[in-house]
Amino acid sequence: TIYPTNAPHLCVGVAPYPSIYFVNRHSPNKAIFKSFTENTNLKKKRSKNISDGQSTNNKNLDSGMKLDLSSHPGFAIVPMFEIEFKPFLMWPSARKASIGLGPSKNTLLAKLSDKNHIVIVEGKYAGAVFSTRVSPVNGVPIYLCATTDDNVKQLVPIEFVANCDGTLSPLVAQNLALGFQSSATKYEK
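Residues numbered from 1 in each chain as written. Predicted model: local features only at pLDDT ≥ 70, side-chain atom pairs only at ≥ 80, totals over all residues. Heavy atoms only, no water.

I would appreciate a short explanation of the overall build of the chain in the present structure.
Along its length, the chain carries two helices and twelve strands. For the chain, the sequential pattern of α-helices and β-strands runs β-α-α-β-β-β-β-β-β-β-β-β-β-β. For the chain, the proportion of its 189 residues judged to be buried stands at 41%. Sequence separation of 24 or more characterises 66% of the internal contacts of the chain that already satisfy a separation of 6 or more. When the accessible surface of the chain is split by element, carbon and sulfur atoms take 52% of a total near 11,400 Å². (Helix = DSSP H or I, 4+ residues; strand = E, 2+ residues; numbered from the N terminus. Buried < 20%, exposed > 50% of the residue type's maximum accessible area, 1.4 Å probe, protein only. Contact = heavy atoms within 4.5 Å. Areas by Shrake-Rupley, 256 points an atom, 1.4 Å probe, with all protein chains shown as cover.)

Here it is as structure tokens:
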């Protein structure tokens, strides 16, 4: 066990899944979402049909989509741990949960809201949004956040745009996309 000498009750640990970060939009570590690629196609079809006077079923657009990935087959955005939320120490009214790359069977169901926030729509995380504690820059981790206090301005949900390639970028930094930390490589002498 490795621990700090001034805090022997703590130890170094690892998360069960790779965490979600902002990465360069052209990085091989970017997340490409099946549902947002399909959703972009549905919106294009819906717009065309509306202009042609036809109606379409937009149930998939409003009720949420699984966060399955086409970039990582068999994987999706999932809760990192079985616990619901943990409080932020600096903001007691705010709660956070870690999310990462895990098996598709545990996928979260989300939608892109009218305010362009990624909102979880079912389960114990319903209503939580993708957020960070700082502005979107390369390497910043993403959390699920929920708060009951409008004064917690440090946890503003990120506004996203769904790109035509199935990636999701922050509106204010479209050169970035949701992605994952780099995989470690085997060290050889």
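So what exactly am I meant to see when it comes to the nonpolar core here?
Judged by nonpolar contacts, the single largest core of 29 residues is most densely connected at Ile77, Phe130, Leu144, Phe160 and Leu178. At the level of secondary structure, the elements contributing two or more residues to this core comprise strand S1 (20-24), strand S5 (94-103), strand S6 (109-112), strand S7 (118-120), strand S9 (143-147) and strand S12 (176-180). Once residues lying within four places of it in the same chain are set aside, the contact partners of Ile77 are Ile20, Phe33, Leu67, Ile99, Gly100, Asn106, Thr107, Leu108, Phe130 and Phe180. (Core = buried A, V, L, I, M, F, W, Y, C linked by side-chain atoms within 4.5 Å.)

Got a minute to help me understand the confidence of the model for the chain in this structure?
Low-pLDDT stretches of the model should not have their predicted coordinates read in fine detail. Summing up the model confidence of the chain, the mean pLDDT is 75 and the portion of residues at 70 or higher is 67%. Highest mean pLDDT in the chain belongs to strand S11 (residues 168-170) (94); lowest belongs to helix H2 (residues 59-62) (45). Here residues 40-61 is modelled with pLDDT under 50, and outside its nearest four sequence neighbours on either side it reaches twelve contacts, counting other chains as well. (pLDDT = per-residue confidence, 0-100.)

Explain the environment of Val119 here, please?
Position of Val119 relative to the elements: it lies in strand S7. A relative accessible area of 16% places Val119 in the buried class. As a C-alpha pair, Val119 and Cys145 span 26 residues in sequence and 9.7 Å in three-dimensional space. Apart from residues no more than four positions distant in its own chain, Val119 is found in contact with Leu109, Ala110, Lys111, Ser113, Gly127, Ala128 and Val129.

Got a minute to help me understand the pairing of S12 in this structure?
Regular strands place their side chains on alternate faces of the sheet. The buried count for S12 comes to five of five residues, which makes it a mostly enclosed element. Side chains Leu176, Leu178 and Phe180 of S12 all project onto a buried face; the interleaved residues Ala177 and Gly179 project onto the opposite face, where all are buried too. With five bridges joining them, S1 and S12 adopt antiparallel strand pairing. Of the residues in S12, the one forming a bridge with Tyr21 is Gly179. (Pairing = 2+ DSSP bridges.)

Just checking my understanding: could you explain the pattern of salt bridges for this structure?
Enumeration over the complete set of coordinates arrives at one salt bridge. Across the pair Arg25 and Asp165 runs a salt bridge, and its minimum N-O distance is 3.8 Å. Separated by 140 residues along the polypeptide, Arg25 in the loop between S1 and helix H1 (34-51) and Asp165 in the loop between strand S10 (160-162) and S11 bring together distant segments of the chain. (Salt bridge = Lys/Arg side-chain N within 4 Å of Asp/Glu carboxyl O.)

When you look at the environment of Ala110 in this model, what are you seeing that I'm missing?
The topology assignment puts Ala110 in strand S6. Judged by its relative accessible area of 0%, Ala110 is buried. Along the sequence, Ala110 and Phe130 sit 20 residues apart, while their C-alpha atoms lie 10.0 Å from each other.

Please explain unusual backbone geometry as it appears in this structure.
Note on backbone geometry: most residues besides glycine have negative phi, and most peptide bonds are trans. Not every positive phi belongs to a glycine, and Asn116 is a case in point at roughly 65 degrees. With respect to the helices and strands, the residue Asn116 is situated in the loop between S6 and S7. Using a relative accessible area of 28% as the deciding quantity, one classes Asn116 as partly exposed.

Please clarify how the side chain of Thr107 should be interpreted in this entry.
Examined against the element boundaries, Thr107 turns out to sit in the loop between S5 and S6. Within the structure, Thr107 has its side chain in polar contact with the backbone nitrogen of Leu67 (distance 3.2 Å). Leave out the neighbours within four places in its chain, and Thr107 touches Lys66, Leu67, Asp68, Ala76, Ile77 and Val78. (Polar contact = N/O pair within 3.5 Å; in protein donor to acceptor, adjacent residues only side chain to side chain.)

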